[in-house]
Amino acid sequence: MVSSEIQRKYISKGPEETKDIGYRLGRLLNPGDIVGLYGELGAGKTTMVKGIARALGLDERDVVSASFTIITEYDTSPPFLHIDLYRVKSDEELDEIGLWDYLKTGNIAVIEWAEKAEKEITEELIKVKIKPVDENVREITLEGKYEKDRDNL
């Protein structure tokens, strides 16, 4: 199927709804897909990752912020990578951690703070922008190119 550019907006009224949106997205991911998460500190990026991880067969309680480890690989099929670039300060650090090698392996990768690597990430990136509206409400925008019909998201 031909790739098509899409953009969808959702309003999440709490963490469970954010996880549900992540779950629905996660069910549609294919090997090699890269999801970039954008949003300020505390916006709900890791909450979104928990929903995606659940769709890939993981217990969401096993998913924590990867800020200190930077890259956490989960034993799913295909492997799932949770990448958190919050502490990365330079392009050289991205090279040192081997980010580009991880992204070329056909894994499903979800990258928090994706803007730190965006200039090197393929144009096929699925962008998820999370914007706090108030304490619990989030505006979530999904955009990117998709190889298959994703109307069920």
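Summary of the structure given here. Since the model is a prediction, treat every value here as computed from it, not as a measurement. (Residues numbered from 1 in each chain as written. Predicted model: local features only at pLDDT ≥ 70, side-chain atom pairs only at ≥ 80, totals over all residues. Heavy atoms only, no water.)

1. Side note on the nonpolar core
Then, number 1: Leu25, Val35, Met48, Phe80, Val128 and Ile140 are the most contacted members of the largest nonpolar core, which has 22 residues in total.
Then, number 2: Looking at this core, the elements that each hand over two or more residues are α1 (15–26), β2 (34–38), α2 (45–55), β5 (108–112), β6 (126–132) and β7 (138–146).
Then, number 3: At four residues, the largest contribution of residues to this core is made by α2.
Then, number 4: Filtering out sequence-adjacent residues up to four positions away, Val128 remains in contact with Leu25, Val35, Gly36, Leu37, Tyr38, Met48, Ile140, Thr141 and Leu142.
Then, number 5: Among the nonpolar cores identified, the runner-up in size contains 19 residues, and Leu81, Leu85, Leu103 and Trp113 belong to it. (Core = buried A, V, L, I, M, F, W, Y, C linked by side-chain atoms within 4.5 Å. Buried < 20%, exposed > 50% of the residue type's maximum accessible area, 1.4 Å probe, protein only. Helix = DSSP H or I, 4+ residues; strand = E, 2+ residues; numbered from the N terminus. Contact = heavy atoms within 4.5 Å.)

2. Some details on α2
Then, number 1: Along α2, the residues that are buried comprise Lys45, Thr46, Met48, Val49, Gly51, Ile52 and Ala53.
Then, number 2: Where α2 ends, the next residue or the one after it, Gly57, has phi of about 95°, a positive value.

3. Describing the pairing of β2
The side chains of a regular strand alternate, first on one face of the sheet and then on the other.
Then, number 1: Most of β2 is tucked away, with five of its five residues classed as buried.
Then, number 2: Judged from the four bridges that link them, β2 and β5 form a sheet pairing that is parallel. Note on β5: the bridge partner recorded for Gly36 is Ile111. (Pairing = 2+ DSSP bridges.)

4. Some remarks on the pairing of strand β4 (residues 80–84)
Then, number 1: In terms of burial, β4 is a largely internal element, five of the five residues being buried.
Then, number 2: Along β4, one buried face is formed by Phe80, His82 and Asp84 and the opposite face, lined by Leu81 and Ile83, is buried too.
Then, number 3: Bridge count for strand β3 (residues 71–74) against β4 is four bridges, and the pairing is antiparallel. The residue bridging Tyr74 from the neighbouring strand is Phe80, located in β4.
Then, number 4: Where β3 hands over to β4, the hairpin turn is made up of five residues, counted between the paired strands.
Then, number 5: Sheet analysis places β4 next to β5, joined by five bridges and oriented parallel. Within the sheet, the bridge partner assigned to Ile83 lies in β5 and is Ile111.

5. A closer look at the packing of aromatic side chains
Then, number 1: Tallied over the entire structure, the rule returns two aromatic pairs.
Then, number 2: Judged by centre distance (5.7 Å) and plane angle (25°), the ring pair of Tyr74 and Phe80 falls under stacked. Grouping residues by exposure puts Tyr74 and Phe80 together as buried.
Then, number 3: For Lys45, the ring lying beneath its charged end belongs to Trp113, and the centroid distance is 4.0 Å. (Phe/Tyr/Trp six-rings, centres within 6.5 Å; stacked < 30°, edge-to-face > 60°. Lys NZ or Arg CZ within 6 Å of the ring centre and 35° of its normal.)

6. Concerning the side chain of Arg138
Then, number 1: Structurally, Arg138 is set in strand β7.
Then, number 2: Separated by 3.2 Å, the side chain of Arg138 and the backbone oxygen of Gly42 make a polar contact.
Then, number 3: For Arg138, the residues in contact, after removing those within four places along its chain, are Tyr10, Ile11, Ser12, Thr18, Gly42, Ala43, Ile130, Lys131, Pro132 and Val133. (Polar contact = N/O pair within 3.5 Å; in protein donor to acceptor, adjacent residues only side chain to side chain.)

Nothing here speaks to function; it is all geometry.
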